[in-house]
Amino acid sequence: MHIVIIGNGIAGITAARTIRKLSDHRVTVISSESKHFFSRTALMYIYMGHLTYEQTKPYEDWFWAKNRIDLVHDHVKSIQTDTKTLLLLSGSHLGYDKLIIATGSRPRTFGWKGQDLRGVQGLYSLQDLQTMVDTTTNAKRGVIVGGGLIGIETAEMLYSRKIPVTFLVREQRYWNSVLPDEEATMITNHIREHEGIDLRLQTELREILDDGSGAVRGIITSSGEEIPCEFVALTVGVEPNIDVVRASTITCGRGILVNEYFETSASDVYAAGDCAEMQFPESAAPSRIEPLWYAARAHGESIARNICLERAAYARKTFFNSAKFFDIEYQTYGTVSAKRSKGEETIVWQDADGKRLLRIVYANDATKRVLGFNVMGVRFRQDVCTHWIERQTSVEEVLTELGAANFDPEFFPECEAHLVAEYNRQTGRNLVLKRKRSLWNAVAVLTGKAAL
Amino acid sequence: MPSATPSSFIPLENIIIPAGFSKPLVELSPVRKIALALFVMGLLVFIIGGTGAFTAVPLLYSFGSLGLATLGALLYLLPLFREYKPGIHHNGIMFSKVQSRGALAWMVGIGMTGFYVLLYWYAEYLQHCIRAADPLSFWLRGKAADQWFLYGTLYTLAVVIMGVRMIAKYRHSRYQIIRTLSVVVFQLMFAYLIPAWLQMMNQPEFYFTYFWPLKYDYLNPANVRYFLASPNQLMVFMIIWGMIMTFVATPVLTYFFGKRWYCSWVCGCGGLAETLGDPFRQNSDKSLKAWKIERWMIYSVLIFVTSMTGLLWVNSAMQGGVLGEFSLGYAKAYSFFVGSLFSGVVGTGFYPIMGSRVWCRFGCPMAAVLGLFQRHFSRFRITTNGGQCISCGNCSTYCEMGIDVRSYAQRGENIVRASCVGCGVCSSVCPRGVLSLENGAAKGRVKQ
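Residues numbered from 1 in each chain as written. Chains lettered and ligands numbered in written order. Predicted model: local features only at pLDDT ≥ 70, side-chain atom pairs only at ≥ 80, totals over all residues. Heavy atoms only, no water.

Novice: Please clarify how helix 2 (residues 30-49) of chain B should be interpreted in this entry.
Specialist: Think of an α-helix as 3.6 residues a turn; residues three or four steps apart then line up on the same face. Residues and elements named next belong to chain B. The end-to-end C-alpha distance of helix 2 is 28 Å, a good match for the 28 Å that 20 residues give at a rise of 1.5 Å each. Listed as buried for helix 2 are R32, A35, L38, G42, F46 and G49. Looking down the long axis of helix 2, one finds its buried residues gathered within 120° of arc, a one-sided arrangement. Across helix 2 from its buried face, at more than 90 degrees, point the exposed residues P30, I34 and I47. (Helix = DSSP H or I, 4+ residues; strand = E, 2+ residues; numbered from the N terminus. Expected span 1.5 Å × (residues − 1). Buried < 20%, exposed > 50% of the residue type's maximum accessible area, 1.4 Å probe, protein only. Arc of directions from axis to C-beta.)

Structure, rendered in structure tokens:
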């Protein structure tokens, strides 16, 4: 069987590798972005000079031939589901028995005036990075529109080049649509510690100005202010990159519509990662796009198992995500929403200089079971947090054992006792932290051994 | 919008960084400019003094060379505490001509290699340079300097000065601060001051932090017999100390903490790599091929040193009856090829080109022994935090031992590698908090 994968991002490559691990099917991966798989999450490090492009490749170039994964560096022009063939930009045709579409996302725009000018771009692909390198070489100011993860990464990139930045954020605080107020405030303050970054909250983009030659010369904000700049990054989110799929017979909504098996409307055609929109006809839950690197990896693996082993519905594991906001690391496990919903209680601690924070969200009922964790400037163990969430452990048990979740390096100060004290203060309880950071303690929690 | 759509389809083989983009942005402050000038002046005075120009004024030569260079280097580095924010800021390393194998890197490498060649085989050309270390030598040892004292002085200065830089750079991490202080103190005390004081007191020059197989002559039959038979209790202690370190401390401490207890906390070679070598750590080769070469080489050296010591003992037991001169020649060959050429010339001289741990990775028999224990009989591992790895490659890139850390991290596996010296930089540079050096149950560390 010949399995063709469009897109060599994390979804497509994980599918290819898993198929190879599980079977002897012929595997071909097509990409117009790069010849070899590289880590998209590392684009910012290439720009900042931490890594070279070569170093962002997780596998050496010989890996693909050795594992019999054929790489085609070309662009798919059309998908013919009736004849099961792809037409490529180079003019050649490629037949498939099974097709996996993993074309990812592209930066979203909202039809702003001037959004197609030179110097205006999103940041998603290798080509975007090259464009950004070229346009910012002599830029005197950059404007970033959109306070999300890509936005702050772009700010850090420009900051590393000492290019002054105006950072437009629609919300009251940075990423306040996702982060609760304390976390959002902490990052907002941290952004403002960086000289040369002009953070404008509750400010949006009105239009982008042309210098007369088709390049950007500035922008006008929602408050009417004009800001001169040579570079504008549009980082207000992403949308599925599926023009070629829309032109085919495959049904699309916002993304490529798939069921819980990643099957599209066309037979033997699957879609995975950012470009897939999953529907749940039986449960009547709303359809969902998961534009997350981690999710795409899980999708790729799930499809490979569906094809090579047995058809099984995609089971989303306990949510997790991570990011780094300049120097503050962030990890989240389970459900932590920006605004506390009914039936939820939360406990939070942060240190005096605003660089570390711990938060636990738990059910406001008799079980007091933990629902989620947010940690900033502190590292927590995914397996321990997930274990507690999945076993619906009560917040009080979690608090007494909390040190077992700490994943900071040796000698780092442990802060779990502060959260326990905060809980005691708020509830009048008298809990005592019984476990400190250690691998032994983490294993003890995971294997259900009682604290000493 | 530029994205991978047909209209903007630009096949890229690589990201092209234009020259204008990669030129350094950091304008040196006046203080740092003066500091750099002082350092270069000190270096020049040191080199010019090699012609014998300053033999008449030894104290002035010493201060004008070593003193000036040290002052300049410290003044240059101390502002880092103000200018370099706590955290990982490897900005521009891949554009740097010194740190990314540019022309300057080759010049530094050739200069360092040349110095080692003179030091080991043509020390007569250094006779005037050696005088720069005389004042220190008289003060610490009560006698004139020789080439090895000069070398020890330069080495220790490099560890101390670049240790300051290391601490400035990684000061957000207590692990890195404490570990760097440890290597600096061990070098300064146990590999420099104490051996010097021992000589002052007419005791043998002895290094308590080096033992067999790195310090191969500490288990030579001639030495063992001579020290053990000595009426001097300190000498008896020394030789027994060396044996305890080799046969007891090595397996026991490695079992509990991994080889890092020695390689990145105590050892002088490691100390130099972790301080002077830090700017070059990213230049180690991460390929599978390099790993294969590494294993062949390092275990060959281990076999070489073990057989050498074994031969010397057999020969000694038979009073030279069977092997005659062969074992001595064998030992001389080891001393030349491994002791001088490999550990010195290649090991340090090639820092800017092959990374900071060339010797530790490809040659050191001590690392080989510690590595075997670490891989097969230890509680140490680098833990991966679940599925949080984003495959960015910072860990692999900044691993001085050339371990492809990412290849394990992205599979969610522990990293249990013989070569890992436990410097902890992979954990420090990880932007997602995925890696941690930990000691836990020895069983089940490695995924089967």
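Novice: Any chance you could explain the domain arrangement of chain A here in plain terms?
Specialist: Accessible area lost upon the coming together of the parts is a frequently used measure of interface size. All names here are of chain A. Domain annotation of chain A identifies domain 1 (2-106 + 239-308), domain 2 (120-236) and domain 3 (320-447). The C-alpha centroid of domain 3 is placed 32 Å from the C-alpha centroid of domain 2. Each partner contributes residues to the interface: domain 2 has 22 residues there, and domain 3 has 19 residues. For the domain 2 and domain 3 pair, buried surface summed over both sides reaches about 1,800 Å², with 65% attributable to carbon and sulfur atoms. Of all residues in domain 2, E183, M186 and H190 bury the most surface against domain 3, accounting for 33% of the area lost on that side. (Domains from an automatic or database assignment. Contact = heavy atoms within 4.5 Å. Buried area = accessible area lost by both parts, 1.4 Å probe.)

Novice: When you look at the sheet that holds strand 5 (residues 85-88) of chain A in this model, what are you seeing that I'm missing?
Specialist: To summarise the sheet geometry, strands pair through backbone hydrogen bonds and adopt either a parallel or an antiparallel arrangement. All names here are of chain A. Pairing within the open sheet is antiparallel, and its three strands lie in the order 4-5-6. Two strands lie at the open edges of the sheet, namely strand 4 (76-80) and strand 6 (93-95), each paired on one side alone. Strand-to-strand twist in this sheet, taken as the mean axis angle between neighbours without regard to direction, amounts to 20°. When strand 5 meets strand 6, the two strands line up antiparallel, connected through three bridges. In the sheet register, L87 faces strand 6, and the bridge partner there is H93. (Pairing = 2+ DSSP bridges. Axes fitted to C-alpha atoms, helices over the stretch in contact; angles between N-to-C directions.)

Novice: Can you help me understand helix 10 (residues 221-228) of chain B in this one?
Specialist: All names here are of chain B. Looking only at helix 10, the buried set comprises P221, V224 and F227. Angular distribution of buried residues about the axis of helix 10 spans 145°; they occupy a single face of the element. Exposed residues pointing more than 90 degrees away from the buried face of helix 10 are listed as A222 and Y226.

Novice: What is the right way to look at the sheet that holds strand 9 (residues 120-121) of chain A in this model?
Specialist: All names here are of chain A. Read from one edge to the other, the open sheet built from five strands follows the order 9-16-10-11-12, with strand pairing classed as parallel. Both edges of this open sheet fall to strand 9 and strand 12 (197-201), since each of them pairs with a single strand only. Relative to strand 16 (residues 231-234), strand 10 (residues 142-145) runs parallel, the two being bridged by four bridges. Bridging from a neighbouring strand, V143 pairs with V232 of strand 16. Where helix 6 (residues 181-192) meets the sheet, its contacts fall on strand 11 (165-169) and strand 12, and the angle it forms with strand 12 comes to roughly 145°.

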